[in-house]
Amino acid sequence: MKNSSQVTLNQFFCSDEKLSSKRLSTVESSDEVCSIKDRICKEAKVKWPLAFEIIIAKIADILNIGILDIMVMAWKKYEILRKYADSKECLPGEIFLVP
């Protein structure tokens, strides 16, 4: 569904340049990444440098979704949820599961 002419999350949040070694080192030493590193090394029995390299390489793929696509999906979800905001139709406290 991605239109090649629309802006992606990757383009919005990241530059086209590769992250510098210094920046990668800063990211890798953060508390969040250290906890991920510990868990991956313990549970997946994978060497960290390889895992980190793969994670960094895949971030661009993960963020390669068009902002317009996200906005359209969110608007569709809003339309589905809007009918549940009417307290005459749906009593407060009632639970509704929406896909």
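Rules used throughout
Residues numbered from 1 in each chain as written. Predicted model: local features only at pLDDT ≥ 70, side-chain atom pairs only at ≥ 80, totals over all residues. Heavy atoms only, no water. Axes fitted to C-alpha atoms, helices over the stretch in contact; angles between N-to-C directions. Helix = DSSP H or I, 4+ residues; strand = E, 2+ residues; numbered from the N terminus. Parallel < 35°, antiparallel > 145°, perpendicular 65-115°, else oblique. Left-handed = near helix turned anticlockwise from the far one by under 90°. Contact = heavy atoms within 4.5 Å. Buried < 20%, exposed > 50% of the residue type's maximum accessible area, 1.4 Å probe, protein only. Phe/Tyr/Trp six-rings, centres within 6.5 Å; stacked < 30°, edge-to-face > 60°.

Undergrad: Explain the packing of helix α3 (residues 31–43) against helix α4 (residues 48–62) to me, please; I cannot follow it from the model alone.
TA: Each packed pair of helices is defined by two parameters, the angle between the axes and the distance between the axes. Interaxial distance between α3 and α4 falls to 10 Å at its minimum, and their mutual angle equals 120°. Taken as axis vectors, α3 and α4 run oblique relative to one another. The interaxial crossing formed by α3 with α4 has right-handed handedness. Contacts between α3 and α4 involve V33, K37, I40 and C41 on the former and, on the latter, W48, A51, F52 and I55.

Undergrad: Looking at this structure, how should I read the environment of E89?
TA: You can see E89 is positioned in the segment after α5 (67–82). Taking the relative accessible area as the measure of exposure, E89 reaches 63% and is therefore exposed. Through-space distance from the C-alpha of E89 to that of C34 is 48 Å; in sequence the pair is 55 residues apart.

Undergrad: Explanation requested: the packing of aromatic side chains in the structure shown.
TA: Geometrically, a pair of aromatic rings is defined through the distance of the ring centres and the angle of the planes. Taken as a whole and assessed by the stated rule, the structure comprises four aromatic pairs. Taking 5.0 Å as the distance between ring centres and 90° as the angle between the ring planes, the aromatic pair formed by F12 and F13 counts as edge-to-face. Each of the two residues, F12 as well as F13, counts as exposed. With centroids separated by 4.9 Å and ring planes inclined at 40°, the aromatic side chains of Y84 and F96 adopt a geometry described as tilted. Residue Y84 is found in the segment after α5, and its partner F96 is found in the segment after α5; the two are separated by 12 residues along the sequence. Under the relative-accessibility criterion, F96 is labelled partly exposed at 35%.

Bear in mind that shape data such as this cannot, by itself, settle questions of function.
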